[in-house]
Amino acid sequence: MNELEIVEHTCDVLVVGGGLAGCMAAIRAGELNDRVILVDKSNPERSGCAATGVDHIWAYFPEVQGPEGVSLEDLVDDHVNNLGGGLANRAVVHYVAETALDRILDLERFGVKIRYEDSTLPGKFRLVYQLHACRNTLHYDGRDVKRSMTKAVRERGVEIADRVIGIDLLVHDGQIAGAVGYGTRDGKLHLFRSKAVILSTGRPNRLYKTPVGEVFSTRMPPAMTGDGKAAMFRAGAEIINMEYSSGGYSPGGRNSSRGLVRGGGLPGGSYQPPGVGVNALGEVYQPRAHEMGDYGVTKYEGISTRGKVAKAVGTTAAAEMVAGRGPLYADMSWGSDEDQEYMRWAISNEGGGWALNHIMAQYGMDYRTHKIELSPTEPEHSGLSACGPIVDGHCQTSIPGLYAAGDEAGGCSWTAVPGALTMGYLAAEQAVEFAGKMENVPEGKGEERALEFCSEIMARESGDPWLDAQAFIQNTMSHYNTNIKSETMAKRGLECLAYLKDTMRLVAANPHEMTHCLEVRNIIENGEMILRATIERKESRGFLFSRVDYPERDDENFFCWLGQRKEGDAVVFEKRFPQS
Amino acid sequence: MPPVIDEELCTECEKCYDVCPQDCFGLREGAPPIVAYPRECWHCGACVIDCPVDAIHLELPLHMQIVPSPALFGPPGPEGAEDLRKAAAWSRSIIREEG
């Protein structure tokens, strides 16, 4: 490859990451401002977690929750305490719960089908139990939601800079001034000079070894390499919750069929009407629990929904495995033809579900005739972990003019799809207002590190394939930060990542490979944040964080967020408390 | 490996190349695209769904294949069937209040 060509762009609002949050941000910003650019590392029509669909959106449906006796405040309480462990950004969660239905109606305006003639619920919605102690998760035709949203982005005159990976931020006097991107196909360095920036690059992934042994066969999209968090951290933003993770090769597994489908849900407490969980002895260990009233779960009463179901059922997936009754399966063969059809429809709208149906058909399998084995998944720093920049109630990060939306933002536990849609909308309004206060786009700096990184790689004739560096990171994180976490293990993990940075001599034959090298740079940054945060939180906190050297929960000292940020060459930690 | 293009059906519209989230495809002059990075495929199915002539299907590599396991229950039998049918209808948001 030759010298790195630099291309400059200028705008008022820059959105980096074209998933659900980024597309919604671009749509709203585009309605208010005519100089908006949306950057995506692939094509927003099929990017992010919802690339080939997401079948569920939670919200507050007054006509259904009202008769259930659940108010908006009840739902927010349920969410903050039940899902957030009491440590969630309540202002954001409230905003999400309050406006999610508005954003769902936006999707309908963009051409997405959300109502069904056979539904007997108000609005003709299909609603199931999922996360909360009320019936508030919408099932809908989500397979092509990104196509519909991208069309809406274009209709509002937003420029789409696709096939560009966001790698660093441009900053001027401590304020945002834009972002640096690399063309994954054109091989150019793109400088986006902007008055306000919204980051929406999702969750950090590709940190851990996958159970199937393929780097890209992760449950969450492999494209998500924590680009936003890495860039923000390097620019001095404060990042919280990196220590939390879920999954972690749990013996009970989940219905993701070797990472082929994002969700699909387990039969109990979820959305497969004819499904049950069965063990290897043919016993039903998880009966149907679609009517949460069967287990006395109505309004949130101080115990997690899943905990109550597990208690009522008398066992859990992990317990079945440990007792020697594994493997476990989702058996979805019971039910009427209409039930089977509903389930196939729901799965086909969930990420990867359409592909799972397609693959099973080739092998002559379907849910009527075959049960699906539950498979372990790799650890995830996911929606429940809620890692990312600390944000206020308006998605503003600690860098003025820089906003985070959706899974990118920290502390907004499990706001998931409605979080992406509502926070994208909110961040856009904030960004447009911020941009409106200044005459000119600031002249920022921040491209030097990326230029140096790429130039060094381009100057090499031979060296280390990026996949080897990727494997090194995964060996480190899977060994030092998974089942056995401790100060000494995490410190050794940091030593290993430091060794990797000093020793790796990456090569790239083309822009596709250079993009992966840039991702490696970001994955290492996320790994370091995770290991430092593991050391800092000297306690254990439920299934999200468990240390062998501090096995007890310590609310007195650690009922808080732990924020980390760069100060010169050092990293400083500070305790932060969610605003009530 | 994962996506397989039927070269007889392919019209070289490049839609698969255009949508792939992992940039797995490579273009060739006057010929159907190739899968340049088969191990970077995560089986999302975007190429299969968006191909306008249904020329693509996914194949799982051997080590990821789903080992079949026969289901146990089948269509609902008479015992408790009515209760189960009501519960399933509830899950499908089809509740008809009995008069």
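What counts and how
Residues numbered from 1 in each chain as written. Chains lettered and ligands numbered in written order. Predicted model: local features only at pLDDT ≥ 70, side-chain atom pairs only at ≥ 80, totals over all residues. Heavy atoms only, no water. Helix = DSSP H or I, 4+ residues; strand = E, 2+ residues; numbered from the N terminus. Rg over C-alpha atoms; globule rule 2.2 N^0.38 Å. Buried < 20%, exposed > 50% of the residue type's maximum accessible area, 1.4 Å probe, protein only. Contact = heavy atoms within 4.5 Å. Pairing = 2+ DSSP bridges. Right-handed = clockwise from strand over helix to strand, strands pointing away. Polar contact = N/O pair within 3.5 Å; in protein donor to acceptor, adjacent residues only side chain to side chain. Buried area = accessible area lost by both parts, 1.4 Å probe. Salt bridge = Lys/Arg side-chain N within 4 Å of Asp/Glu carboxyl O. Nonpolar A, V, L, I, M, F, W, Y, C, P; charged D, E, K, R; others polar. Axes fitted to C-alpha atoms, helices over the stretch in contact; angles between N-to-C directions. Patch = residues over 30% accessible without salt bridge, like charges linked within 9 Å, V, L, I, M, F, W, Y side chains within 5 Å. Areas by Shrake-Rupley, 256 points an atom, 1.4 Å probe, with all protein chains shown as cover. Phe/Tyr/Trp six-rings, centres within 6.5 Å; stacked < 30°, edge-to-face > 60°. Lys NZ or Arg CZ within 6 Å of the ring centre and 35° of its normal. pLDDT = per-residue confidence, 0-100.

### Here we look at the overall build of chain A
Move 1: Across its full length, chain A holds 16 helices and 18 strands.
Move 2: Computed over the C-alpha atoms, the radius of gyration of chain A is 23 Å, within 12% of the 25 Å expected from 2.2 N^0.38 for a compact globule of 580 residues.
Move 3: With respect to the principal axes defined by its C-alpha atoms, chain A has extents near 65 × 55 × 50 Å.
Move 4: In chain A, buried positions account for 65% of the 580 residues.
Move 5: Excluding contacts between residues fewer than 6 apart, the proportion of contacts in chain A whose partners are at least 24 apart in sequence is 71%.

### Concerning the pairing of strand E2 (residues 36-40) of chain A
Residues and elements named next belong to chain A.
Move 1: The buried fraction of E2 amounts to five of the five residues, a majority that puts the element mostly inside the structure.
Move 2: The alternating pattern of E2 places Val36, Leu38 and Asp40 and Ile37 and Val39 on opposite faces, both of which are buried.
Move 3: Bridge count between strand E1 (residues 6-16) and E2: four bridges; the pairing is parallel. Bridged to valine 16 within E2 is valine 39.
Move 4: Crossover connection from E1 via helix H1 (residues 20-32) to parallel E2: handedness right-handed.
Move 5: Two strands pair when backbone bridges link them, and E2 and strand E6 (residues 159-162) are joined in this way by four bridges, in the parallel orientation. Bridging across to E6, isoleucine 37 finds its partner in glutamate 159.

### Structural notes on the side chain of Asp23(B)
Move 1: When you line up the elements, Asp23(B) lands in the loop between helix H1 (15-19) and strand E2 (25-28).
Move 2: Taking the relative accessible area as the measure of exposure, Asp23(B) reaches 10% and is therefore buried.
Move 3: Side chain to side chain, Asp23(B) and His512(A) meet in a polar contact 2.9 Å long.
Move 4: Once residues within four sequence positions are removed from consideration, Asp23(B) is found in contact with Arg163(A), Thr184(A), Arg185(A), His512(A), Tyr17(B) and Tyr37(B).

### Observations regarding the interface of chain A and chain B
Move 1: Opposite the 69 residues of chain A that make contact, chain B presents 49 residues.
Move 2: For the chain A and chain B pair, buried surface summed over both sides reaches about 5,300 Å², with 57% attributable to carbon and sulfur atoms.
Move 3: For the pair chain A and chain B, the number of links is six salt bridges.
Move 4: Glu214(A) is the salt-bridge partner of Arg39(B), the closest N and O atoms lying 2.4 Å from each other.
Move 5: Counting across the chain A and chain B interface gives 27 residue pairs in polar contact (both at pLDDT 80 or more).
Move 6: Those elements that place two or more of their residues in the side of chain A that touches chain B are strand E4 (126-128), strand E11 (276-278), strand E13 (329-331), helix H9 (337-349), helix H10 (353-362) and helix H15 (511-536) of chain A.
Move 7: Element by element, the count of residues in the side of chain A that touches chain B is highest for H10(A), at seven residues.
Move 8: A class-by-class count of the residues in the side of chain A that touches chain B yields 27 nonpolar, 21 polar and 21 charged.

### Some remarks on the sheet that holds E4(A)
All names here are of chain A.
Move 1: Taken in spatial order, the three strands make up an open sheet running E3-E5-E4, and their pairing is antiparallel. Of all the strands in the sheet, the pair left with one neighbour each is strand E3 (56-58) and E4. Across the sheet, the mean angle from the axis of one strand to that of its neighbour is 35 degrees, orientation sign disregarded.
Move 2: Of the strand pairs in this sheet, E3 and strand E5 (residues 137-139) are connected by three bridges, and their pairing is antiparallel. Directly across from tryptophan 58, in E5, lies its bridge partner threonine 137.

### Points about a nonpolar patch on the surface
Move 1: On the surface, Val284(A), Leu72(B) and Phe73(B) cluster together to form a nonpolar patch covering roughly 240 Å² of accessible area.
Move 2: Of the residues examined, Phe73(B) reaches a relative accessible area of 35% and is grouped as partly exposed.

### Thoughts on the packing of aromatic side chains
All names here are of chain A.
Move 1: Under the definition given, this model contains six aromatic pairs over all chains.
Move 2: On the numbers, 6.2 Å between centres and 15 degrees between planes, the contact of phenylalanine 472 with tyrosine 499 is stacked. Taken as a pair, phenylalanine 472 in helix H13 (residues 466-480) and tyrosine 499 in helix H14 (residues 487-503) lie far apart in primary sequence, 27 residues in all.
Move 3: A relative accessible area of 26% means that phenylalanine 472 is categorised as partly exposed.
Move 4: Each residue in the set Tyr116, Tyr342 and Trp345 is aromatic and connected to the rest through ring pairs, giving one cluster.
Move 5: The ring of phenylalanine 453 carries arginine 521 above its face, with NZ or CZ at 5.5 Å from the centroid.

### A few points about the confidence of the model for chain B
Move 1: Per-residue confidence for chain B averages 89 on the pLDDT scale, and 95% of its residues sit at or above 70.
Move 2: With pTM at 0.96, the complex prediction returns an ipTM value of 0.94.

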